[in-house]
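Below, each chain spelled out in residue letters.
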Amino acid sequence: MPKISVIVPIYKVEQYLKKCVDSILKQTFKDIEVILVDDGSPDNCPRLCDEFAEQDNRIKVIHKQNGGVSAARNSGLDIATGEYIAFVDSDDYIESNMYSSMINIAEKYNSDIVMCDCIKDFSDHSEIYSHDIREGFYNFNQLKEEYYPHLLIMENVEYPATISNCLLLFKRELLNNDSYKIRYLDGVRFSEDLLFGAQIMLNAKSFFYMKGECFYHYVMNLTSATHVYQKDKWNDYIKLYENAERYFLKSGIANIRLQLDKMLLFFLYNAVGEAKCAGLQKEEKKMLIKSILNDSHTLEMFKRIRISKLPISWKLKIITYQYKLGLSFIEGLKWSRFR
C-alpha cells in the first residue's frame, strides 16, 4: 500500500498536463500512487495519460465520461489505496519537496490533516496566498475552540482555510465513518471544495498548518470553470448550501446556523457580482439577479442574519442592506427593485 495517493482530475489541460504530472513524479518522497482521472477530455489528454502510465508504474489512469471535477475526484477516491490522500489540479504544479515535508509533519505530530500555503502564478507575477488562522499544531480541543467557529466560513464572510483542498494532505480514513462516506457533490462545479474540506475537518482529531510553506503553485488559468461565468452557478451554490445544512446542523457547533447563513451570503455576493459583470443583456441580468434575491433560501437567511453585526466594511454592509431590501445596481441602470 502506498503512503500517499495523489488524485489529478483532468479535462482540456493539454498545455499544462506534462508540467503538472512531472512535478508529482519528481517528488523527493517516492512512496506514492498517482491517479490520473481523464474526465472525458476531448483533446490529447487521454493519450498523454496513457503515455505517462507506460513510463511510471506508480500511475493509474481512469478514463470516464465527462461529469465534472467533483465526479472525477470521486472516481479517484474510489480506487485510492494510500494511507493519505492529496489532490493536484491538472493545470497546477507542486514543489519537489511538498509531500516529503508534509508527511514528515503528519508523522511527527500524528496529524490527521496537514495544510501548507501556495503561490498564485499570474501571467506577469506571482503572489503568496495564506490563510488567516494561526500556524502550527491543533489537537482536538484546540480544533473545537479555535477552528470550528469558522469551519464553514470566516467571520468576515470569506472562504474558510480548507477551501484549498489541494493544499491538504489527509488520512484516507477520514472519508468514512459508520453512517456516512464523504465524497464531493456530483455535478457541482463551483466551491465544491468548501463542503468537502469542512466535512473532513469535522472528522479530524488533529490538524497542522504549515503557514508560510508554499509548496503548491496555483496557475491562474482564466479558462478554468472557476473563472468562466455560468448562468446556473446559483443552483450549484444552493445545492452546496442545502447539503451543508443537512450535514452540519446536527454537529452541535455553537454558531453553525450563523456560519451557514454567512456561507449563503458569501455565495450571494459572488453570484450577484458575477451576474452584474456578465456579458448579458440588461433585462436578462435583471431577471437573473431577481431570481437570486427572491430565492426562498435568500429570504430566510436575511430574516436571521444581523447585518450590522457582521465584521465587514461599511460599503459591503450598505450593499448587503440593499440586497436584503431587494435592490441591486446594474451597470447602465439605476437601482432596481426586485421585490
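See the structure printed just above.
Residues numbered from 1 in each chain as written. Predicted model: local features only at pLDDT ≥ 70, side-chain atom pairs only at ≥ 80, totals over all residues. Heavy atoms only, no water.

K.L.:
Let's hear about the packing of helix 8 (residues 256–277) against helix 10 (residues 296–304): which residues, and what values?
P.N.:
Viewed as axis vectors pointing N to C, helix 8 and helix 10 meet at an angle of 125 degrees, and their least axial separation amounts to 10 Å. Classified by the angle between their axes, helix 8 and helix 10 sit oblique to one another. The handedness of the crossing between helix 8 and helix 10 is left-handed. Touching Arg 257, Asp 261, Leu 264, Leu 265 and Leu 268 of helix 8 are His 297, Thr 298, Met 301, Phe 302 and Arg 304, all from helix 10. (Axes fitted to C-alpha atoms, helices over the stretch in contact; angles between N-to-C directions. Helix = DSSP H or I, 4+ residues; strand = E, 2+ residues; numbered from the N terminus. Parallel < 35°, antiparallel > 145°, perpendicular 65-115°, else oblique. Left-handed = near helix turned anticlockwise from the far one by under 90°. Contact = heavy atoms within 4.5 Å.)

K.L.:
So what's going on with the pattern of salt bridges? Residues and values would help.
P.N.:
Summed over all chains, the structure comprises 19 salt bridges. One salt bridge connects Arg 73 with Asp 89, and the closest N-O pair in it is separated by 2.9 Å. Of this pair, Arg 73 sits in helix 3 (residues 69–79) while Asp 89 is found in the loop between strand 4 (84–87) and strand 5 (93–94), placing the two residues 16 residues apart along the sequence. You can call Arg 73 buried: its relative accessible area is 1%. Arg 257 serves as the salt-bridge partner of Asp 261, at 3.4 Å between the closest nitrogen and oxygen. Separated by 4 residues within a single helix, Asp 261 and Arg 257 lie in helix 8, roughly one turn from each other. (Salt bridge = Lys/Arg side-chain N within 4 Å of Asp/Glu carboxyl O. Buried < 20%, exposed > 50% of the residue type's maximum accessible area, 1.4 Å probe, protein only.)

K.L.:
Tell me about the pairing of strand 7 (residues 126–129), and please be specific about residues and values.
P.N.:
As a general feature of sheets, a regular strand has side chains that alternate between the two faces. Inspection of the sheet shows strand 6 (residues 113–121) paired to strand 7 by 4 bridges, in the antiparallel sense. From the neighbouring strand, Cys 118 faces strand 7, where its bridge partner is Tyr 129. Between strand 6 and strand 7, which pair antiparallel and follow one another directly, the connecting turn spans 4 residues. (Pairing = 2+ DSSP bridges.)

K.L.:
I'd love a proper account of the packing of helix 7 (residues 233–248) against helix 10, names of residues and values included.
P.N.:
Their axes nearest at 12 Å, the elements helix 7 and helix 10 cross at an angle of 55 degrees. What the angle tells us is that helix 7 and helix 10 run oblique. Contacts from Trp 234, Ile 238, Tyr 241 and Glu 242 of helix 7 reach helix 10 at His 297, Thr 298 and Arg 304. For the contact of helix 7 with helix 10, the per-class residue count stands at 3 nonpolar, 2 polar and 2 charged. (Nonpolar A, V, L, I, M, F, W, Y, C, P; charged D, E, K, R; others polar.)

K.L.:
Which residues make up the nonpolar core, and what values do they have?
P.N.:
Core analysis: the largest hydrophobic core is formed by 115 residues, its most contacted members being Ile 4, Phe 170, Phe 248 and Leu 268. At 12 residues, the largest contribution of residues to this core is made by helix 8. (Core = buried A, V, L, I, M, F, W, Y, C linked by side-chain atoms within 4.5 Å.)

K.L.:
Please provide a residue-by-residue account of unusual backbone geometry, values included.
P.N.:
Of note in the backbone geometry, Asn 110 takes a positive phi value of approximately 50 degrees without being a glycine. Tracing the backbone shows Asn 110 in the loop between helix 4 (98–109) and strand 6. For Asn 110, a relative accessible area of 52% puts it in the exposed group. Positive phi, close to 60 degrees, is recorded for Ser 191, a residue that is not glycine. Here Ser 191 shows up in the loop between strand 9 (168–171) and helix 6 (192–203).

Worth remembering: the numbers are spatial, not functional.
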